[in-house]
Amino acid sequence: MKHSIYLLYISIILLLGCSKEDTELEPAKQIDFAVETIDFKLTSKNNTSGMVDISGRIVNVGDSFFSEETKQTFYLYERPWGTAINSNGNLIAKKEFSALEAGKSITINFLKEWDPKMYSNGTFCPTYRLVIRHDTEIDVFPFQDSNPTNNMMERFGSDINLLF
């Protein structure tokens, strides 16, 4: 009997300690990082070639994102002419991040010497691919990308020749 009274007393305390606010779940976050652009900028030039800054930018078009661990990475690849369509090519730069406010962006850069005569008329030029990767393999990632169709972009390197 004494045992039952203690259980009843503990149950009442627990029930009084809970409120409706405690039981409501936070609305699901809309996480959406989008590849925004791949840009080429001529930084220096001599008679036959120049240094080109190849940059890729992603933007958070969803809700603000924060993680205690790095859960997101984006990669910039150079894809030589003839690279299989299912291959990203050669990794030339990557950036990891664990936080990105809504509407904010992050940029990644790579400097490359470019000789437009090597790619006359734009033939056999490499392409550049920017890819966002969500790290769901280490453990269960609590947020899912609400639009995975905007996680990759590709741009033809022949556009670099237009800078000369």
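Computed from a prediction, not measured in an experiment: that's the story for all the values here.

Remarks on the confidence of the model for the protein
Detailed reading of predicted coordinates is not advised where the pLDDT is low. This prediction gives the protein a mean pLDDT of 83; 77% of its residues lie at or above 70. In this model residues 137-141 is a low-confidence stretch, pLDDT under 50, and it forms 6 contacts with partners more than four residues away in sequence or in other chains.

Some thoughts on the pattern of salt bridges
All chains considered together, the criterion is met by 6 salt bridges. Between Glu36 and Arg57 there is a salt bridge, and its shortest N-O distance comes to 2.6 Å. Taken as a pair, Glu36 in strand 1 (residues 33-45) and Arg57 in strand 2 (residues 50-60) lie far apart in primary sequence, 21 residues in all. Owing to a relative accessible area of 39%, Glu36 belongs among the partly exposed residues under this scheme. For Arg57, a relative accessible area of 27% gives the class partly exposed. For Glu96, the salt bridge is made with Lys94, and the minimal N-O distance between the two is 3.9 Å. A relative accessible area of 47% places Glu96 in the partly exposed class. Using a relative accessible area of 46% as the deciding quantity, one classes Lys94 as partly exposed. One salt-bridge network, in which partners are shared between bridges, spans Arg79, Arg129 and Glu154.

Considerations on the sheet that holds strand 2
The strand order across the open sheet built from 3 strands is 1-2-7, with neighbouring strands paired in antiparallel fashion. Edge positions in the sheet fall to strand 1 and strand 7 (105-114), since each of these pairs with one other strand and no more. In this sheet, adjacent strand axes meet at a mean angle of 20° when their direction is disregarded. Of the pairings in the sheet, the one linking strand 1 to strand 2 comprises 11 bridges and is antiparallel in character.

Quick word on the packing of aromatic side chains
For the coordinates displayed, the defined rule picks out 7 aromatic pairs. Where Phe33 meets Phe65, the ring centres are 5.3 Å apart and the plane angle is 85°; that geometry is what we call edge-to-face. Note that Phe33 is positioned in strand 1 and Phe65 in strand 3 (residues 65-66), a separation of 32 residues in sequence. Residue class for Phe33 comes out buried when judged on its relative accessible area of 0%.

Definitions and limits used
- Residues numbered from 1 in each chain as written.
- Predicted model: local features only at pLDDT ≥ 70, side-chain atom pairs only at ≥ 80, totals over all residues.
- Heavy atoms only, no water.
- pLDDT = per-residue confidence, 0-100.
- Contact = heavy atoms within 4.5 Å.
- Salt bridge = Lys/Arg side-chain N within 4 Å of Asp/Glu carboxyl O.
- Helix = DSSP H or I, 4+ residues; strand = E, 2+ residues; numbered from the N terminus.
- Buried < 20%, exposed > 50% of the residue type's maximum accessible area, 1.4 Å probe, protein only.
- Pairing = 2+ DSSP bridges.
- Axes fitted to C-alpha atoms, helices over the stretch in contact; angles between N-to-C directions.
- Phe/Tyr/Trp six-rings, centres within 6.5 Å; stacked < 30°, edge-to-face > 60°.

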